[in-house]
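# Overview (structure and organization)
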Amino acid sequence: MKKLLLSFRFWFVLVSIFIIVQNLLGWDDKSLLLYFTTPPLLFANEWFNINWSFLGDNMLLFAYVCNFVTWYIAGLVLDLLLYRFVVRKRSNYRSS
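All of these numbers come straight from a predicted model, not from anything done at the bench.

## Overview of the nonpolar core
Core analysis: the biggest nonpolar cluster contains eleven residues, these being F12, I19, I20, L34, Y35, L41, M59, A63, Y64, C66 and W71. Those elements giving two or more residues to this core turn out to be helix 2 (8–24), helix 3 (32–36) and helix 5 (56–95). The element that contributes the greatest number of residues to this core is helix 5, accounting for five residues. Once residues lying within four places of it in the same chain are set aside, the contact partners of F12 are W71, A74, G75 and L78.

Okay, structure coming up:
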């Protein structure tokens, strides 16, 4: 449990769920927080508007999934980088 609370994946996914719930409850009525915290949505928004004709609900579902996956991958990358840094530092400490 302690390892889970110390991982970036856990906290980033928790932030992602908070953003999604906030949007679902209507507190972010223009979806600014959702789009500004999800880089793929921020950069692809104009492309989606021009090339795809999504209905509102389908686009929101896609935005929620994209937000969740983006935050999970960011947490995973940070966890892997931190793990490599800690392992390298421990091996340097033990060898000297």
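Having put the structure on the table, let's press on.
## As for the confidence of the model for the chain
In the predicted model, the chain carries a mean pLDDT of 82, and the fraction of residues at 70 or more is 79%. Summarising per-element confidence for the chain, the mean pLDDT is lowest in helix 4 (residues 39–51) (70) and highest in helix 2 (94).

Definitions and limits used
Residues numbered from 1 in each chain as written. Predicted model: local features only at pLDDT ≥ 70, side-chain atom pairs only at ≥ 80, totals over all residues. Heavy atoms only, no water. Core = buried A, V, L, I, M, F, W, Y, C linked by side-chain atoms within 4.5 Å. Buried < 20%, exposed > 50% of the residue type's maximum accessible area, 1.4 Å probe, protein only. Helix = DSSP H or I, 4+ residues; strand = E, 2+ residues; numbered from the N terminus. Contact = heavy atoms within 4.5 Å. pLDDT = per-residue confidence, 0-100.

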